[in-house]
Each structure stands twice: as C-alpha cells, then as structure tokens.
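Inside the fold
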Number of protein chains: 2
Amino acid sequence: MENQKKIPKPVIKRLGLYYRCLNRLSDEGIDFVASKDIAERLGIKSSQVRKDLSYFGEFGKRGVGYNTYELMTKLEKIIGVNKYWNVIVIGAGNIGTALVNYEGLRKEKFSIIGIFDADRSKVGKKIGKLTIKHISELEDFFKKNIVEIAIIAVPENAAQMMVEKLENLGIKGFINFAPIKLRTKLPVEDVDITLSFKSLTFKIDRELK
Amino acid sequence: MENQKKIPKPVIKRLGLYYRCLNRLSDEGIDFVASKDIAERLGIKSSQVRKDLSYFGEFGKRGVGYNTYELMTKLEKIIGVNKYWNVIVIGAGNIGTALVNYEGLRKEKFSIIGIFDADRSKVGKKIGKLTIKHISELEDFFKKNIVEIAIIAVPENAAQMMVEKLENLGIKGFINFAPIKLRTKLPVEDVDITLSFKSLTFKIDRELK
DNA sequence: TAGATTGTTAATCGATTAACAATC
DNA sequence: TAGATTGTTAATCGATTAACAATC
C-alpha cells in the first residue's frame, strides 16, 4: 500500500543488505527483531532502517519490532527475488566463465541459461552445463526462451553494439562489466572490481577508514 | 598543494572513473580536454568534475582545459596506482580462483602473489602460476614477502577470524567478498555482485532507470 | 500499566549544481 | 582582444539522523 514517493538511490542499495540480514536472523531462529538490531549488524542507524522501510509500508509492531520471516518475505517481493530471473551472459572470457561457474547467483534466484561469444573458436565448448553459443544465435535463442537480464562481459568496443542488439530483442536490464557507460533507456548496474581496488588504495594511502 | 579538507565519499568513487576516462582520451590521442568533455563521457555535470578535482589541486588552464597526460599522471598518484600493490587471496573457491585468473587486476597495478585455503585437499594445486598454500603458511609468507592487500574470499563464518589474523600480520586493507560486515580498523571495500543483481531487479520491476 | 519500539516529522548534515569572476 | 574554460562560491537539492507522539 502507500505513497508512490520517489525512492532515494541509497535506499535501493540497502534493500539487499536488509534482505540478507533478515535471512541470517531467520537462520539463527530469531523470530522478532528491532530496527536497532538490524542497524547494529549493518553498522548504520536504526532510524535509517525504519525510514528506509517506511517507503514501502508499515511492517513493524510498536513495542515489539518486526516479524523476521514476514519482513524477509516482504523484502523478497519488493526486491523482486520472489521468483527466478533468466539471465544470459554475453562474452565467454574470464568474467563470463567465472559467472557461469558461480553458484552464488543461482542461490539468489538468478539462473544463467545461456552464454554467447563472437569468437567461433569458443563456440561449442562447455562451461558447466552450458554450451557456448555464437552471437548470431541470439535471435533464435530469444524466440525459444524468456530472457530478462543480460550480463555484458565483452570488451569495451563491443559492449554498446551488444546492448543495442539485446534491447531490440526485448531484454529488460543489464549487468555491465565493460568499463564504459552504456547508452540505453533500460536499467543498468555497473560492476567494476578494479574500481573497488582503487578506492581501497586511495584510503590506505590517506589512512582513511 | 592545498587544503586538507575532508574528501566526500562519492568523490573517492569517481576518481577511478576519471582516471579511466583520461586513459581512454590519452589512447585516442587527445592532448587537452575540458571538464565538459569528461563529464559528458561519464554522464555527470562538468561542475562536478571541476569540484572533485579541486579537492586535490588546480590541474587545469582557464580557457584551455586539462592536459590529458598530465592530469592522468596526477590522478594516478592521488589514487595510489603509480606503483604495484602486492595482493593475496584468502580462499581458493570459485571467486578466489577467478580473481587469480583475471588479468585485468594486474593491468591495473594489483599483483596477486599468493592464494591460501584452509582445505588441505586444495593445497598444492596450481591456479595459473600460483600454488595454493595452506592458511598455516601465512605467517611465514608475510616474513618473506611484502603483502599489502588481502582479498577475503572465504565463507562468511571464517571471514572475521581471517581478518583478525591478517591484521596482526600487518596487512593494510581488505577487499571483502564475504557477505558480512567486517570488524576492523583498516580500510575495507565490500564487493557483492548479487547485490547489484538485486538493485537491477528492483529497478526492472518499478520501471526505474 | 510500564516499558519498548515503531513510523514520521523536522532539523541537520552532506553532496550537487548553477553561476560567475578570474584568467588563459 | 574575444572566446573559452577554469576554480570557487553560494544556492539548491537530497539523504541522514534525532526526537517524539503513537501504540503495541
């Protein structure tokens, strides 16, 4: 229920953290939890937890806290991981291969159902249970499968072209590993581990925390 | 030169983006660049570029812009990637293995010089040019090598213990892949790809950009 | 009831941006 | 000089936090 107020970007990032935290609490057999407890585990303020949740509804009981399982289920729906998402990987290089092998994704409701590469010498090779397909097979693949998310793991110069092709085929969003800003009207999440390393060295040199 | 004013967190994140952008411009043979051009490539405002840079000095020429190579070199020093950093990986699972194989890190001045695991059945196996060592060999390894950064790629329950061990051995900072908040006085950068996926599905469901 | 904790408001804090004098 | 673009100030915008009435 409730307001269609604009959700601040930092809140979106924290939703996943809350969800993860609730999962842990649930595993630990904790049935009720106060915003203060969640905040402590995540190293933030309890008022921030309450404020963030308030964008989506009223999930707590005053004087008591939140029902762990109930809030977890609510967050699951809000984030959209109450169902499996079909994902394809574009680019069977180092990153693409690693992602297909990474079982963590599937656990979090993301199923990689295909991997594609432009290099014909890679086509036909197996990665886990998947066989690398050629880029030219994409169109056909979209006809036979529901594909929602594409992981862009191709070199920089090929990324934008692939994005346009996939947009035309009806993809819904991108996880982008190419070190470039993608031009698209669809949602994109950029991932660049080397940027994290650079933030770290900056902090180390300045003795920041 | 200049002020020891506090650097806003978002600025730290953008430094790497600026550096990357300057690298491209340099490759493209562009000798001078205006803040407007940098901003356009990154999808931000030119005043933000100028303001961000101003925390570290005056690098431009009015009416002209910035000398690409010069600014790149300055940023390199500011970020701290004007030298190589020695990195070890803790945990030879999926993520740890992928990182050792990922040549992108070395290109960005991060050399992985060791990988460690608690599982003795993995010890002795090769990943690229490295041989997996047992956790118990860490102390000795620190005596024989300069180790600055540790990548935590072990399961959640082992992460905090490893952090404390490494802190005692004199590590300077952590890249953390464990889905947990590490308690340490040293700088940490958390990396969690599944969080990016969750932000994406949230946006897809709400038709946000 | 007494104690605890929510949901929300208002105050504070921090980051972004427009605007412009300085100057190449 | 005329035009362009910086570096910086001040205004705006957005996010966090403290505080507290509501209520379990």
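Residues numbered from 1 in each chain as written. Chains lettered and ligands numbered in written order. Predicted model: local features only at pLDDT ≥ 70, side-chain atom pairs only at ≥ 80, totals over all residues. Heavy atoms only, no water.

- The name given to chain A in an unreviewed UniProt entry is Redox-sensing transcriptional repressor Rex, with the source organism recorded as Thermosipho melanesiensis.
- Under the UniProt heading Sequence similarities (unreviewed entry), the note attached to chain A is "Belongs to the transcriptional regulatory Rex family."
- Reading the Subcellular location (unreviewed entry) entry of the UniProt record for chain A gives the comment "Cytoplasm". (UniProt positions renumbered as here; feature names shortened; annotations may be inferred.)

**Section: the protein's contact with DNA strand D**
- As a structural note, the neighbourhood of DNA strand D is formed by 26 residues, with Arg62(A), Ser35(B), Arg50(B), Gly60(B) and Tyr66(B) the closest of them.
- In DNA strand D, atoms within 4 Å of the protein come from the sugar-phosphate backbone in 65% of cases.
- Ser35(B) places a main-chain nitrogen or oxygen 2.7 Å from a phosphate oxygen of DNA strand D.
- If you list the elements that add at least two residues to the surface near DNA strand D, you get helix 1 (9-27) and helix 3 (46-54) of chain A together with helix 3 (46-54), strand 2 (60-61) and strand 3 (65-67) of chain B.
- Residue contributions to the surface near DNA strand D peak at four residues, all from helix 3 of chain A.
- Looking at the surface near DNA strand D residue by residue, the classes come out as six nonpolar, eight polar and 12 charged. (Near = heavy atom within 4 Å. Polar contact = N/O pair within 3.5 Å; in protein donor to acceptor, adjacent residues only side chain to side chain. Helix = DSSP H or I, 4+ residues; strand = E, 2+ residues; numbered from the N terminus. Nonpolar A, V, L, I, M, F, W, Y, C, P; charged D, E, K, R; others polar.)

**Here's the deal with the pattern of salt bridges**
Residues and elements named next belong to chain A.
- One pass over the structure, following the stated rule, counts 22 salt bridges over all chains.
- With a closest N to O distance of 2.6 Å, Asp-52 and Arg-14 form a salt bridge. Of this pair, Asp-52 sits in helix 3 while Arg-14 sits in helix 1, and the two are 38 residues apart along the sequence. For the pair shown, Asp-52 and Arg-14 are each scored as buried.
- Salt bridges here are not isolated pairs; linked through shared partners, they connect Lys-83, Glu-148 and Lys-172. (Salt bridge = Lys/Arg side-chain N within 4 Å of Asp/Glu carboxyl O. Buried < 20%, exposed > 50% of the residue type's maximum accessible area, 1.4 Å probe, protein only.)

**Considering the pairing of strand 4 (residues 85-90) of chain B**
Residues and elements named next belong to chain B.
- Where burial is concerned, most of strand 4 is hidden: five out of the six residues are buried.
- With four bridges connecting them, strand 4 and strand 9 (residues 149-152) associate as parallel partners. Bridge pairing links Ile-90 to Ile-152 in strand 9. (Pairing = 2+ DSSP bridges.)

**A word on the interface of chain B and chain A**
- Of the residues lining the interface, 66 residues belong to chain B; the matching set on chain A comes to 66 residues.
- Buried area between chain B and chain A, both sides added, is near 5,700 Å², and the carbon and sulfur share of it is 69%.
- For the chain B face of the interface with chain A, the top three residues by lost area are Phe197(B), Lys198(B) and Phe202(B), together amounting to 12%.
- Between the two partners, chain B and chain A, sit eight salt bridges.
- The residue Arg24(A) makes a salt bridge to Glu156(B) at a minimum N-O spacing of 2.5 Å.
- The interface formed by chain B and chain A holds 16 residue pairs in polar contact (both at pLDDT 80 or more) in total.
- It is helix 9 (residues 193-206) of chain B that provides the largest number of residues to the side of chain B that touches chain A, a total of 14 residues.
- Split into classes, the residues belonging to the side of chain B that touches chain A amount to 36 nonpolar, 13 polar and 17 charged. (Contact = heavy atoms within 4.5 Å. Buried area = accessible area lost by both parts, 1.4 Å probe.)

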